[in-house]
Amino acid sequence: MRVTVVSADGLGEAARAAVRAASLAPLLRRCGATLEVPARASLSVRLTDDAELAQLNTRFRGVEAPTDVLAFPTEEPGHVGDLAISVERALGQAEDGVAELRLLAVHGLLHCLGHDHADADGAAAMTAESRRLLPGQAVPDLEPGED
């Protein structure tokens, strides 16, 4: 899977350092291979801040609040979808911001591939898949409907 990662201009140095350490493009390519996503398929990732995620959340979900990750799956041939991740929120909501960025990226990828956690079975399946894709990293149990 081809992965394009774009960082917003306004990210501070600490955020940029965390983004570099997270190595999201290689992680997502590896996850795509594990999940048997076609090698020529593409995924776009936008790394930004709470303000931009709040705007996107309002525009696309009708929720006037920031969030940590938004996934925009697509049925466009050869394109898995687009992710938007608030680096600001990732660094603020977890002790290990780099691990949190990695978890949010995998979470968004799984949503783009049709996974959901609206019910208990879906939440358990998505948690298990995240743990398989992030071996050695703590992955909390998803709560049904949580997002």
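For the structure itself, consult the block above.
Residues numbered from 1 in each chain as written. Predicted model: local features only at pLDDT ≥ 70, side-chain atom pairs only at ≥ 80, totals over all residues. Heavy atoms only, no water.

Explain the overall build of the protein chain here, please?
The helix and strand tally for the protein chain stands at six helices and four strands. Starting at the N terminus and ending at the C terminus, the protein chain contains elements arranged as β-α-α-β-α-β-β-α-α-α. What you see for the protein chain is a C-alpha radius of gyration of 14 Å, in line with the 15 Å of a compact globule of 147 residues. Burial statistics for the protein chain: of 147 residues in total, 44% are counted as buried. At a minimum sequence separation of 6, the contacts of the protein chain that also span at least 24 residues come to 64%. Taking the average location of the 13 positive side-chain charges in the protein chain and that of its 23 negative ones, the two points are 9 Å from each other. (Helix = DSSP H or I, 4+ residues; strand = E, 2+ residues; numbered from the N terminus. Rg over C-alpha atoms; globule rule 2.2 N^0.38 Å. Buried < 20%, exposed > 50% of the residue type's maximum accessible area, 1.4 Å probe, protein only. Contact = heavy atoms within 4.5 Å. Lys, Arg positive; Asp, Glu negative; His and termini not counted. Charge placed at Lys NZ, Arg CZ, Asp CG, Glu CD.)

Can you help me understand the side chain of Glu129 in this one?
Mapped onto the elements of the fold, Glu129 is located in helix H6 (residues 120-133). Owing to a relative accessible area of 16%, Glu129 belongs among the buried residues under this scheme. With sequence-adjacent residues up to four places away left out, Glu129 is seen in contact with Leu35, Leu110 and His115.

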